[in-house]
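Chain and residue survey
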Amino acid sequence: MSMQTNGTNGHAMNGRNGHEPAHYARLKDAVRRLAKERHAVILAHNYQEGAIQDAADFTGDSLNLARYAQTTEADIILFCGVHFMAETATMLNPTKLVLMPDLAAGCALADMVAPEQIRRWRREHPEGVVVCYINTSAAVKAESDLCCTSTNAVAVVESVPADHEILFVPDYYLGTYVKAKTKRENIRLWKGYCPAHTVILPGRVDALREAHPDAEFLMHPECGCLTKQMDLADQILSTEGMVRYVKESPAQTFIIATEQGILYRMRKDNPGKTFLPASDYASCHYMQRNTLDKVFRSLVTLQYPVRVDPALAERALRPIERMLAISYPESVSKSAGSSTARPLTEPSMRRSSPVSTRAGGNSTKVRAPS
Ligand code: SF4
């Protein structure tokens, strides 16, 4: 697992909201003190502002954060990211109190697909397999067979037997990338998109590349320009993949096509290198709802708890655990409901009869190959 461990002596000048460094230094110390008293762990997504990344125990992408949340022994998980991530954390580790600094930190992409739309597709495609990006609500995950992140989407799709049609929700661009990588024709792509990534436009990328011919161009698969520039990208990577790549690459300049919050971590980890955002507008308003002030308030008041109805969580966990079983085979026994979590291709599920992948009476069947 690749994850950044943040000390408490990180940079003070880091918020993207222009606060005074001294204010952040004091606040960060108070947050760390309080987190220790509360036995809380602070998790930050790579897109969070620098002040939060510096105060966090761990910074990572969705997959690493989910994995961390699943295994932490802290009493409280203060999740600095967006709502679906905190939902995933609480489902993976239901005995912990999971808090968010701001409950309005949602996700425009996650809101683009609803559970009833998936149920309708299933009625029309009874043999189909639904793969949902982790950027979905628990209610959508509960209707899905497999979950994925941008790190493992290709491996997750490759785990589905080739003769099964797949519905990939909700990100059209990640789905396009997966379709190209797997060379699989029977994938239906939902037409969802992330507004922060679709403002990254080919013209601006072309101009940057022309001005910086030695720069490496790294692209996140959610990018709207992906369909036109997939072949031009030096690397198409998840956020964690990007963080790792820029450390290891001998290149000195990088054009980064994803949400701008990640540049803070890259610059901090690699002070001698230059990082150029592929768009000055690639900024997620939901991620930015979290601030270090709200993190502090959250630890003081223990607000805002994120809970998922246990019956819904039981169903939503299955695609998540199947995903974790593909990425981290040793992880499955660590979380609730694990007895049913297996990749769809695991031998014990390869039966000629339909295999139920859902909890409850209205289960949908996925026929596994004999
Ligand atoms: S960057 Fe896009 S996909 Fe990520 S939380 Fe924001 S709206 Fe959702």
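As a reminder, the structure under discussion sits directly above these lines.
For the structure given in this document, a descriptive report is provided here. (Residues numbered from 1 in each chain as written. Predicted model: local features only at pLDDT ≥ 70, side-chain atom pairs only at ≥ 80, totals over all residues.)

**Description of the site of the ligand**
Close to the ligand lie 13 residues; C107, L109, C194, A196 and C284 are nearest. When grouped by side-chain class, the residues that make up the shell around the ligand number 11 nonpolar, 1 polar and 1 charged. (Near = placed C-beta within 6 Å. Nonpolar A, V, L, I, M, F, W, Y, C, P; charged D, E, K, R; others polar.)

**Topic: the sheet that holds strand 12 (residues 253-257)**
The 4 strands are arranged 11-10-12-13 in an open sheet whose pairing can be described as parallel. The sheet is open, and its two borders are formed by strand 11 (235-236) and strand 13 (274-277), each paired with just one other strand. (Pairing = 2+ DSSP bridges. Helix = DSSP H or I, 4+ residues; strand = E, 2+ residues; numbered from the N terminus.)

**Points about unusual backbone geometry**
With an omega of -15°, the peptide bond between V169 and P170 qualifies as cis. Looking at the secondary structure, you find P170 in the loop between strand 8 (166-169) and helix 8 (172-182). Despite not being glycine, H39 has its phi angle at roughly 55°, a positive value. Structurally, the position occupied by H39 is in the loop between helix 1 (21-37) and strand 2 (40-45). Residues other than glycine seldom take positive phi values, yet K183 does so here, at roughly 55°. One can find K183 in the loop between helix 8 and strand 9 (187-189).

**Some remarks on the packing of helix 4 (residues 83-92) against helix 15 (residues 310-327)**
Close contact between helix 4 and helix 15 brings their axes to 10 Å; oriented N to C, the two are set at 100°. Compared by their axis directions, helix 4 and helix 15 come out roughly perpendicular. On helix 15, the residues touching T88, M91 and L92 of helix 4 are A313, A316, L317 and I320. Here the residues of the contact of helix 4 with helix 15 sort into 6 nonpolar, 1 polar and no charged. (Axes fitted to C-alpha atoms, helices over the stretch in contact; angles between N-to-C directions. Parallel < 35°, antiparallel > 145°, perpendicular 65-115°, else oblique. Contact = placed C-beta atoms within 7 Å.)

**Some points on the nonpolar core**
With 107 residues, the main nonpolar core has I42, L43, L78, F79, V131 and V169 as its most contacted residues. With 8 residues, the top contributor of residues to this core is helix 15. Residues in contact with F79, not counting those within four places in the same chain, are L43, M85, A86, A89, V98, L99 and M100. (Core = buried A, V, L, I, M, F, W, Y, C linked by C-beta atoms within 7 Å. Buried ≥ 20, exposed ≤ 12 C-beta atoms within 10 Å, placed from the backbone.)

**Quick word on the sheet that holds strand 9**
Sheet architecture is open: 4 strands sit in the order 7-6-8-9, paired in parallel fashion. This sheet does not close on itself; its edge strands, each paired only once, are strand 7 (146-148) and strand 9. Averaged over neighbouring strand pairs, the angle between their axes works out to 25° when direction is ignored. Two elements, strand 8 and strand 9, share 3 bridges in a ladder whose sense is parallel. In the strand pairing of strand 9, L167 is matched with R188. Of the strands in this sheet, strand 6 (129-133) and strand 7 touch helix 15, which is tilted by about 60° from strand 7.

These figures come from the coordinates and say nothing about function on their own.
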